[in-house]
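# Tertiary structure, described
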Amino acid sequence: MDVVGFVAGPDDNGTRLDVRLAAEAEVGSRAKAQRLIDAGLVTVDGRSRPKSHALSAGESVEARLEQPVPPDDPAAGQGVPFEVAYEDEHLLVVDKPAGVVVHPAAGHATGTLSQALATRGTAGGDPLRPGIVHRLDRDTSGLLVVAKSNAVHRALQELIRRRELEREYAALVEGRPARSGTIDAPVGRDRVARKLISTRTDAPREARTHFEIVEELPRTSLLSVRLETGRTHQIRAHMAAIGHPVVGDSAYGGGKSGERLGLTRQFLHSKNLRFRHPVTGALIGCESKLPLDLSRTLGLARGEPVSEGPDGD
């Protein structure tokens, strides 16, 4: 892994960290600079800072660069599991299992879904993640749509921008939230725990999540969750913010319930995807059933004794 470093000069006073880092030849773009910062690979005087951090003269910036693997390298995506829910010459809808990383990132240079899909003609957007329009966390399973051309990639992004690509998730959460509701709370990189997304942020971005209870269980609730926006970790951060973290989500407060129910990842599954085909205009609707590990956890949750406290203590 290469390292790029510089000391901010007088001309850098007040310049955003991502803007100044992008000026380094080895980085080359603001988008790449932001990805490095979000991945925790950039420090200022030895500490992580947000991409909006205003530099001061004398501050020392260091960025660790991972060497990208060409997206068309046939070995890069070899053996990556996935299923196809829909495919034509313009796009495909993929059913991703838990444990699969969607695209190359810090610590995951190979073995990603985008690399595995390169043999199916995916294209558009970032050349290091061709065709990827939206993503799922590594340990979130289910459906996502991938483009096969720049034009279709742009059109799908526009559908997301206009809130016309419907994404519905199944989530098992701790406790009993309201029967239905909307969480309208901007989120961004947490100002202290830089690897987490939260409402406690210096760089808030609009985020809106709709939910309703599908089944009330003794100590948990099965929700249907619909995204209006699609921020990183949005459902996980929003459910934690209202005191009902996703079961099994150790990063956002649901680890104890996951251990109780024998679950080693967050109970979050992208179950329905609906949109108008950007080329044909046909209504595309795909559904993914709960994977076996989540079905097993749901069965255990249904059989739990009623708890008097939030954690059964």
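These numbers come from a predicted model, not from an experiment.

## Focus: the overall build of the chain
- Along the backbone of the chain there are 7 helices and 14 strands.
- In terms of C-alpha radius of gyration, the chain reaches 21 Å, essentially the compact-globule figure of 20 Å for 313 residues.
- For the chain, the C-alpha atoms occupy an extent of roughly 65 × 50 × 35 Å along the three principal directions.
- Per-residue burial over the chain gives 47% buried out of 313 residues.
- Here the contacts in the chain between residues at least 6 apart in sequence split such that 64% fall between residues at least 24 apart.
- Surface accessibility of the chain: about 14700 Å² in total, with carbon and sulfur atoms responsible for 48%.
- Between the centroid of the 42 positive side chains of the chain and the centroid of its 42 negative side chains there is a distance of 2 Å.

## Considerations on the sheet that holds strand S1 (residues 2–7)
- The 3 strands are arranged S1-S3-S2 in an open sheet whose pairing can be described as antiparallel. Edge positions in the sheet fall to S1 and strand S2 (42–44), since each has one partner strand and no second. Sheet twist, expressed as the average angle between the axes of neighbouring strands with direction ignored, equals 10°.
- Judged from the 6 bridges that link them, S1 and strand S3 (residues 60–65) form a sheet pairing that is antiparallel.

## Quick word on the pattern of salt bridges
- In the structure shown here, the tally under the stated rule is 31 salt bridges.
- Arg16 is paired through a salt bridge with Asp18; the nearest N and O atoms lie 2.9 Å apart.
- Since its relative accessible area comes to 0%, Asp18 is described here as buried.
- The salt bridge partner of Arg162 is Glu164, with a shortest N-O separation of 2.9 Å.
- Given the relative accessible area of 40%, Arg162 is considered partly exposed.

## Focus on unusual backbone geometry
- Of note in the backbone geometry, Asp45 takes a positive phi value of approximately 50° without being a glycine.
- For Asp45, the position within the fold is in the loop between S2 and S3.
- A relative accessible area of 47% means that Asp45 is categorised as partly exposed.
- Notably, Arg163 is not glycine yet its phi reads approximately 60°, a positive angle.
- Inspection of the secondary structure puts Arg163 in the loop between helix H4 (150–161) and strand S7 (166–174).
- For Arg163, a relative accessible area of 36% corresponds to the partly exposed category.

What counts, and at which threshold
- Residues numbered from 1 in each chain as written.
- Predicted model: local features only at pLDDT ≥ 70, side-chain atom pairs only at ≥ 80, totals over all residues.
- Heavy atoms only, no water.
- Helix = DSSP H or I, 4+ residues; strand = E, 2+ residues; numbered from the N terminus.
- Rg over C-alpha atoms; globule rule 2.2 N^0.38 Å.
- Buried < 20%, exposed > 50% of the residue type's maximum accessible area, 1.4 Å probe, protein only.
- Contact = heavy atoms within 4.5 Å.
- Areas by Shrake-Rupley, 256 points an atom, 1.4 Å probe, with all protein chains shown as cover.
- Lys, Arg positive; Asp, Glu negative; His and termini not counted.
- Charge placed at Lys NZ, Arg CZ, Asp CG, Glu CD.
- Pairing = 2+ DSSP bridges.
- Axes fitted to C-alpha atoms, helices over the stretch in contact; angles between N-to-C directions.
- Salt bridge = Lys/Arg side-chain N within 4 Å of Asp/Glu carboxyl O.

Function-wise, these values are silent; they only describe arrangement.
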